[in-house]
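Results of the structural survey
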2 protein chains.
Amino acid sequence: MTATPLPRVTIKDVAARAGVSKGAVSLAFNQKPGLSEATRDRIFRAARELGWAPSSTARTLAGSRVDVVGLAVCRPARLLGLEPFYMEFISGVESVLVERSCSLLLRLVRSPDEEVGLMESWWRGRQIGGSILVDFRADDPRPAVAERLGLPVVAVGHPSLTGGLTSVWTDDATAVTEAVRYLAALGHRRIARVGGAAALGHTSIRTTAFDEAVGALEPAARAWQVATDFSGDAGARATRSLLTAAPPERPTAIVYDNDIMAVAGLSVAAEMGLRVPDDVSLLAWDDSQLCRLTHPTLSAMSHDIHGFGAEVARTLFGVITGEGPGSHPVPTPVLTPRGSTAPP
Amino acid sequence: MTATPLPRVTIKDVAARAGVSKGAVSLAFNQKPGLSEATRDRIFRAARELGWAPSSTARTLAGSRVDVVGLAVCRPARLLGLEPFYMEFISGVESVLVERSCSLLLRLVRSPDEEVGLMESWWRGRQIGGSILVDFRADDPRPAVAERLGLPVVAVGHPSLTGGLTSVWTDDATAVTEAVRYLAALGHRRIARVGGAAALGHTSIRTTAFDEAVGALEPAARAWQVATDFSGDAGARATRSLLTAAPPERPTAIVYDNDIMAVAGLSVAAEMGLRVPDDVSLLAWDDSQLCRLTHPTLSAMSHDIHGFGAEVARTLFGVITGEGPGSHPVPTPVLTPRGSTAPP
DNA sequence: AATCGCGACTTTACCGGTTCAATAAGTGGC
DNA sequence: GCCACTTATTGAACCGGTAAAGTCGCGATT
């Protein structure tokens, strides 16, 4: 019952069957000039008959292309499973990779250091042709490492965080401001935000923008902010503590940094006997399908995560083919009002 | 993709610095006998000083192990993003791969045919040393292909679906039965199930088991089943149509095939003015964090998806190292009662 | 007629490792 | 002091491709 591997068919077999040399086969399969149509056809026919496709491993070693891109994600596994963002992002990336017959090498790491080590070994070992970098932190070591290695990368994050690397980003500051303005326009003056992991750069961008946006409202306006780990539990805890205060000290609207926490917030409000949106308005972020599955439905800052991933992949191909560094903003998340927001 | 020319350090450099031959370095790095401790040390020191690690590409080509395992997932990208199952499963797989310094090659495919093609080209091109197969269907072509290629794989699914391949599976039939018995014990006699994609093998296993379980109750008991695509929207639609009938024709309990649809069901019930669990009980499946974030919280059939993924990876390593085919059941999902189920 | 240019291949030298037969050095027996 | 026997180390042959430098035949140029 031991699986006896098939005799592997190699370029040599194809060459023999087509009556040409290895080199000719290589030429044919890389659409390079120097072969007659007739020979080309014979080669392709032989390859088809033998079921041969070039070994990407051998190709890589021979120094041509590397058709794999890396993605290391540094977040606790348990949280990732729940965060709709990543799978959707990945599916967007894939949608572009597939067109180029590339694959995604995925690895969950536990620390930024581990990620740096992985970048090095992937690149040194020629396992990847480029990499996608996410979740930038203050003083992130990765830009320097990528630079030193000459590894083509695209950074997902605001240029202020990504140390000169080519970056793809959404304008979170503007989005936060829009969220606050929207709530203010509804009449809210006591607004809270349940943010993500404090260590992440985009969290601090949102935090700052939120403070500024609320500060720009009339003096009576008041802001609260809480940092979490993005988990639903943390979102529930934060919401509970924000809503336990008596009405004047209690926010009338809460903005969340992802959908999961907003869902959790909804449930906490219900459990506390507060009506959404009458007693408190909730605003989610990302706008996955989840926002339309709750009752009331969740208003959200929505953006096209799939498209975002696709843009990242396209940009990475640009970098790999030698394009200089650049900054690629994608559309700012827009407010999608639903059932969870209303005047206080 | 073209590779950026960089002063790559290779085994030759290490050999030169340690004053030995390439072969010796290889011996040292593969813990093979035949080298003196002193030489071994010198080699490791040289490697460390040069920051060298063996190229897995070259190793692969030279015929030793391949340290990448493949996973192709054939579901619409948009659904995947929302399905907590996959990311959690993947993180479980990764947890084992990391210990062996292996990586996961991930690809989203659009059809079973595309997946078969991918298996072939990954294996032929020596990109993977083994593969994980998920989402089995009736008459799935993959067992035959894996057999023919000699590709080491582990199938995620009941042995009746996976055509003799080594499989890792949960006993869904028993779990469904337990769910039905639980609801029956609460007093429910009109029970519905909102199932997953009809084409998937595990869906039909659950469907059959559900019919049998309800049939085994007193004759007055009645069952409904609806197939969906696992999406929240589909879950909402299914729930709506189940609950619009007048009370005698309406189920008093609904079992869902995943968490997302149960969340959607919860919201539909609320929107229809039905109280959960007083008017209708809902039971989710998988039990991701989501189930504890709703109000009421969702009772669910819960299992350890992370551990499941880990077991799959371990089993795959077994297959790769030549273990014969086997069947590896993991613990049956257990009922976790929460706030969404009660007597009718 | 000798030379040139060019298309259509073939040859050959890698890429960065692994593997194994061959060799050199060291040990012990007698 | 010679031989058999280990043990440490090397050299060369791959692995399956790519790429650059030949080779060869042939019509066009001078």
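Whatever comes next refers back to the structure up there.
Summarised in this report is the structure supplied together with it. (Residues numbered from 1 in each chain as written. Chains lettered and ligands numbered in written order. Predicted model: local features only at pLDDT ≥ 70, side-chain atom pairs only at ≥ 80, totals over all residues. Heavy atoms only, no water.)

1. Description of the relation of the copies chain A and chain B
Relating one copy of the chain to the other takes a rotation about an axis and a shift parallel to that axis. Note on the identical chains: chain A maps onto chain B by a rotation of 180° and an axial translation of 0.1 Å, with an RMSD of 0.1 Å. Here the symmetry operator amounts to a two-fold rotation axis. Taking C-alpha positions as the reference, the residue of chain A nearest the rotation axis is Leu105 of chain A, at 2.4 Å. Most of the interface of chain A is mirrored in chain B, where 88% of its interface residues are also at the interface. (Least-squares fit on C-alpha atoms with pLDDT ≥ 70 in both. Contact = heavy atoms within 4.5 Å.)

2. Some thoughts on the interface of chain A and chain B
With 74 residues of chain A in contact, the opposing surface of chain B contributes 68 residues. It is Arg8, Met87 and Leu293 of chain A that lose the most area in chain A upon contact with chain B, and together they represent 12% of the buried surface on that side. Summed over the shared surface of chain A and chain B, the number is two salt bridges. Between Arg292 of chain B and Asp233 of chain A there is a salt bridge, with its nearest N and O atoms 3.6 Å apart. Along the contact surface separating chain A from chain B lie 19 residue pairs in polar contact (both at pLDDT 80 or more). Split into classes, the residues belonging to the side of chain A that touches chain B amount to 35 nonpolar, 23 polar and 16 charged. As paired strands, strand β2 (residues 103–108) of chain A and strand β2 (residues 103–108) of chain B are joined by three bridges and run antiparallel to one another. (Buried area = accessible area lost by both parts, 1.4 Å probe. Salt bridge = Lys/Arg side-chain N within 4 Å of Asp/Glu carboxyl O. Polar contact = N/O pair within 3.5 Å; in protein donor to acceptor, adjacent residues only side chain to side chain. Nonpolar A, V, L, I, M, F, W, Y, C, P; charged D, E, K, R; others polar. Pairing = 2+ DSSP bridges. Helix = DSSP H or I, 4+ residues; strand = E, 2+ residues; numbered from the N terminus.)

3. Some thoughts on the side chain of Arg40 of chain A
Residues and elements named next belong to chain A. Positionally, Arg40 belongs in helix α3 (residues 37–50). Here Arg40 occupies a buried position and makes no salt bridge, while the nearest side chain of opposite charge, Glu37, is found at 4.0 Å. Within the local environment of Arg40, its side chain forms a polar contact with the backbone oxygen of Lys32, the two atoms lying 2.9 Å apart. What Arg40 contacts, discounting residues up to four positions off in sequence, is Leu27, Ala28, Gln31, Lys32, Pro33, Gly34 and Leu35. (Buried < 20%, exposed > 50% of the residue type's maximum accessible area, 1.4 Å probe, protein only. Lys, Arg positive; Asp, Glu negative; His and termini not counted.)

4. Here's the deal with the protein's contact with DNA strand C
For DNA strand C, the set of nearby residues contains 23 residues, the closest of which are Ser36 and Thr39 of chain A together with Ile11, Ser26 and Lys32 of chain B. Backbone atoms, meaning sugar and phosphate, form 63% of the atoms of DNA strand C found within 4 Å of the protein. A distance of 3.3 Å separates a base oxygen of DNA strand C from a polar atom in the backbone of Leu61 of chain A. One of the side-chain N or O atoms of Trp52 of chain B is found 2.7 Å from a phosphate oxygen in DNA strand C. At the level of secondary structure, the elements contributing two or more residues to the surface near DNA strand C comprise α2 (22–29) and α4 (56–61) of chain B. The residue makeup of the surface near DNA strand C, split by class, is eleven nonpolar, nine polar and three charged. (Near = heavy atom within 4 Å.)

5. Let's talk about unusual backbone geometry
The residue after Val276 of chain A, namely Pro277 of chain A, is reached through a cis peptide bond having omega 10°. For Pro277 of chain A, the location among the structural elements is in the loop between α12 (259–271) and β9 (281–286). Phi at Gln31 of chain B is positive, roughly 40°, even though this residue is not glycine. Of note, Gln31 of chain B is situated in the loop between α2 and α3 (37–50). A residue is classified by how much of its surface remains accessible, and Gln31 of chain B, at 69% relative accessible area, is exposed. The phi dihedral of Asp135 of chain B falls on the positive side, at around 55°, and the residue is not glycine. Here Asp135 of chain B is to be found in the loop between β3 (130–133) and α8 (142–149).

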